[in-house]
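Chains, contacts and geometry: an overview
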Amino acid sequence: MSKKPYYITTPIYYPSGNPHIGHCYTTVACDSIARFRRMQGYDVKFLTGTDEHGLKIEQKAEEKGITPKAYVDEIVEIFKALWDKMHISYDQYIRTTDAYHIETVQKIFKKLYDQGYIYKGEYKGKYCTPCESFWTQSQLDENGCCPECHREVVEAKEEAYFMKMSPFADRIEKLLLETDYLQPKTRAVELVNNFIKPGLEDLCVSRTSFTWGIPVTFDKKHVVYVWIDALSNYISALGYENDAFHDFDKYWPADVHMVAKDIMRFHAIVWPAMLMALDLPLPKHLAVHGWITFNGQKMSKSLGNVVDPFLLSDRYGADAIRYHILREMALGADSSFSNEIMINRINSDLANGLGNLVSRTVAMVDKYFDSTLPAERQPGEFDNELIAAATGLKEKLESLLDNTQLNLMLAEIFQVVSRANKYIDETAPWILAKDPSNRTRLATVLYNLLETIRIISIPLSAFMPETMPKIWQQIGASAEHIQYDTISAFGNLPATVTVQKGDIIFPRIDVEKEIDELNQLILSSKPKEPSDQPQYTPQPLAEEIDIDTFGKIDLRVAKVVECEKVKKSKKLLKLQLDDGMGGRQVVSGIAAWYKPEDLIGKKIILVANLKPAKLCGVESCGMICASDMPDGSVKVIFPDDALPAGAKIR
Ligand code: ME8
């Protein structure tokens, strides 16, 4: 019987800098689903790749003095190296600079034009260069800046082609509200209210202001702009309108497109509209997850707050990172990344939970039975509960998988791990071992534990593919014992199974020591890709002054005692300082980069004799020293903590 096809895709990522842990989330999640579905017997095609055109890439390559293609070639290698490191089992890696993709996009664009869905017009709007996005006035943030990255936007106007969206509005509204296309469904109402109800705006689909894109075949001064190029990847990779592949009939419509909420709108509205215009079936599911945030902000290259997955997987192993990020992200919510939470989770779930269960069980079989269990069994108290927990997993996991609730799948599996560890405490094998008349019962307890480990290891192999083979070796499981269908069959290992003691699977980490070392490492680690470093343009030197003039500026060390946001302002923080002179209040425009709790207790450098001023109606007595980063963000200068509040700086 031929296998049922299953097609799953990640977004194609911008190779405008190194991949970070946010990219890892979607890719690892899709990989785990792909592995699970393969295990279930599906004929899976798992697609990932890179979205290589656009102004940002053109600019970055120019800064580096190389061609855009040479620039993306370099970064694509880094993406691929990371996916290898993270054990990503993609079946195809698409690059939008691949000839077959270009052919498909050009044909799609022409088709939509010939059918009257694409027309020529003029685009006027607010443009955010880093995000390559035009925004309408109403979409800007309260400071009139880009709603995505909160940087300044510029007025822009150019001749452009547009795609009509209104003919599809009704069908898209039905798709979102009346089907389970979008997961989680709660986001559908938000999309309909924000974008469809106010009247779906036509989409700008070409550009003349840069050249690094796919040329429009019938109007050479235009290149295809972002979304028609990017979204088409899901079908060009199958051979739609090209001869490089012949998988379209087999794999389309896709089973799951997975994306984060930043590009949900394009996948929930624009992509269905394009497919409707092309008269193609719609994908079955769009799974939307939240962002991995760092200090409350989206982790992104343009904000410069990325966590390096190379460094983390070198240190803890890819499986620990895979487990942590999947376990942390609940469907529909953001997940905040912290090294400390990650290390604690590795300790509690992987070292103490799973690792301990395996090593204790294997060690006891080794010690009490010289590695091989006898065949006789004696059932007893607690067995049924453990067996029910293990064999009940399959059904629960399958329903959670259908709803892409990967964190809950892991939670279910780890509940069985806890149940098994509790079973060890309840049955106390070390006490049974003291009395030879309990040998059969002891063998039964240990067999039940080995079986439970075998059962959980099967679904876990989709999430932690590097570790499970090590466990299989230790518990004496071979290929026939780890088939998916045996998850619900307790008693699959041979009755006289032989274990093999091995290395500790997840060593326990000393949290405090590790955090210190990790922070040092992060500070000293060089980015793998030099062109990702924003270029710093030195500011011209200010007019020369003599020492007396400098002496007029009273710089002091001060300690932040309290800090809060200034109401009605996005930019300002109000700080109460211990300045060694009785205290004072200062207002500072750093709210976009620091949360109050990041600053409380820290020492800063204060311009102490600056004339008081009112900012947003709040009095500010002095100024905090800070410096601009090349990407436009601001860093406060923190002096040596040994300096007391009030110390004068000279
Ligand atoms: O948007 N947390 O590419 P992109 C979680 N090329 N996921 C994150 C994340 C974070 N902090 N940051 C990025 C593009 N992602 C387009 C897509 S698709 C036809 C074109 C993940 O490199 C998440 O999957 O900006 C998000 O949707 C995607 O990276 C955006 O990647």
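So, a few notes on the structure that sits alongside this text. (Residues numbered from 1 in each chain as written. Predicted model: local features only at pLDDT ≥ 70, side-chain atom pairs only at ≥ 80, totals over all residues. Heavy atoms only, no water.)

Another point: the nonpolar core. Counting 108 residues, the largest nonpolar core has L312, Y316, L354, L460, F463 and M464 as its most contacted members. Of the residues forming this core, the biggest block, 14 residues, is contributed by helix α18 (residues 439-463). Sequence-distant contacts of Y316, that is, excluding residues within four places in its chain, are made with I321, M342, I343, I346, I509, E514 and L518. Membership of the second largest hydrophobic core comes to 72 residues, among which are I12, V223, W227 and L282. (Core = buried A, V, L, I, M, F, W, Y, C linked by side-chain atoms within 4.5 Å. Buried < 20%, exposed > 50% of the residue type's maximum accessible area, 1.4 Å probe, protein only. Helix = DSSP H or I, 4+ residues; strand = E, 2+ residues; numbered from the N terminus. Contact = heavy atoms within 4.5 Å.)

All right, on to the pairing of strand β11 (residues 256-260) then. Most of β11 is tucked away, with five of its five residues classed as buried. Where burial is concerned, the two faces of β11 agree: the one with V256, M258 and A260 and the one with H257 and V259 are both buried. Two elements, strand β1 (residues 5-13) and β11, share two bridges in a ladder whose sense is parallel. Paired with T9 across the two strands is H257, which belongs to β11. Relative to strand β12 (residues 285-289), β11 runs parallel, the two sharing five bridges. Bridge pairing links H257 to L286 in β12. One crossover worth recording links β11 to the parallel β12 by way of helix α10 (residues 264-277), and it is right-handed. (Pairing = 2+ DSSP bridges. Right-handed = clockwise from strand over helix to strand, strands pointing away.)

Under the counting rule described, the total for this entry stands at 24 aromatic pairs. By the ring-pair criterion, three or more aromatic residues cluster together here, those being Y7, Y234, Y240, F248, Y251, W252 and W271. The positively charged end of K56 is found above the aromatic ring belonging to Y14, 5.5 Å away from the centroid. Here the basic side chain of K261 rests over the ring of W291, its NZ or CZ set 4.6 Å away from the ring centre. (Phe/Tyr/Trp six-rings, centres within 6.5 Å; stacked < 30°, edge-to-face > 60°. Lys NZ or Arg CZ within 6 Å of the ring centre and 35° of its normal.)

Near the ligand there are 25 residues, and of these I12, Y14, T26, D51 and I292 occur at the shortest range. Contact between the ligand and D51: a nitrogen atom at 2.7 Å from a side-chain N or O atom of the residue. Note that a nitrogen atom of the ligand is positioned 2.7 Å from one of the backbone N or O atoms of I292. Compared with its free state, where it exposes 670 Å², the ligand has 96% of that area covered by protein. Sorting the residues of the shell around the ligand by element identifies β1, α1 (21-39), α7 (227-231), α8 (233-236) and β11 as the ones contributing at least two each. (Near = heavy atom within 4 Å. Polar contact = N/O pair within 3.5 Å; in protein donor to acceptor, adjacent residues only side chain to side chain. Areas by Shrake-Rupley, 256 points an atom, 1.4 Å probe, with all protein chains shown as cover.)

Secondary-structure assignment places V561 in strand β16 (residues 555-565). For V561, a relative accessible area of 45% gives the class partly exposed. Between the alpha carbons of V561 and L450 there is a distance of 55 Å; along the sequence they are 111 residues apart. When near neighbours in sequence (up to four residues on either side) are disregarded, V561 contacts Q576, L577, D578 and I600.

The contact between α1 and α18 brings their axes to 7 Å, and the two run at 135 degrees. One way to sum up the angle between α1 and α18 is to call them oblique. Two secondary-structure elements touch here, α1 through S32, R35, F36 and M39 and α18 through I458, P459, S461, A462 and F463. (Axes fitted to C-alpha atoms, helices over the stretch in contact; angles between N-to-C directions. Parallel < 35°, antiparallel > 145°, perpendicular 65-115°, else oblique.)

What the rule picks out here adds up to zero disulfides. The thiol sulfur of C204 is not disulfide-bonded, and the nearest other cysteine sulfur, from C128, lies at 15 Å. What makes C204 buried here is its relative accessible area of 8%. No disulfide involves C625; its nearest neighbouring cysteine sulfur is the one of C621, lying 16 Å away. (Disulfide = S-S within 2.5 Å.)

For the rest of this paragraph, the subject is unusual backbone geometry. In this model, Q183 is joined to P184 through a cis peptide bond whose omega is 0 degrees. Of note, P184 is situated in the loop between β7 (182-183) and α6 (186-196). Of the consecutive residues W252 and P253, the connecting peptide bond is found in the cis state with omega at 5 degrees. Relative to the helices and strands, P253 resides in the loop between α9 (248-251) and β11. Here V226, not a glycine, exhibits a phi torsion of approximately 25 degrees, which is positive. The topology assignment puts V226 in the loop between β10 (223-224) and α7. Given the relative accessible area of 11%, V226 is considered buried. With a phi close to 40 degrees, A428 is a non-glycine residue in the positive phi region. With respect to the helices and strands, the residue A428 is situated in the loop between α16 (406-427) and α17 (429-432). Relative accessible area serves as the criterion here: at 10%, A428 is assigned to the buried category.

Turning next to the side chain of S461. Along the polypeptide, S461 turns up in helix α18. For S461, a relative accessible area of 11% gives the class buried. When sequence neighbours within four positions are dropped, the list of residues in contact with S461 reads R35, M39, M468 and W472.

A few words now on the sheet that holds strand β4 (residues 118-128). Reading across from one edge, β5-β4-β6-β8 is the order of the four strands in this open sheet, with antiparallel pairing throughout. Whereas interior strands pair on both sides, the edge strands pair on one side only; in this sheet they are β5 (133-135) and β8 (203-204). Summarising the sheet, β4 and strand β6 (residues 154-163) pair through 10 bridges and their orientation is antiparallel. Each bridged residue has a counterpart across the sheet, and for I118 the counterpart in β6 is M163.

Together, E340, D510, E512 and D516 give the surface a local cluster of negative charge. Relative to the helices and strands, E340 resides in helix α13 (residues 339-369). (Patch = residues over 30% accessible without salt bridge, like charges linked within 9 Å, V, L, I, M, F, W, Y side chains within 5 Å. Salt bridge = Lys/Arg side-chain N within 4 Å of Asp/Glu carboxyl O. Lys, Arg positive; Asp, Glu negative; His and termini not counted. Charge placed at Lys NZ, Arg CZ, Asp CG, Glu CD.)

Purely geometric stuff here, so don't read any function into it on its own.
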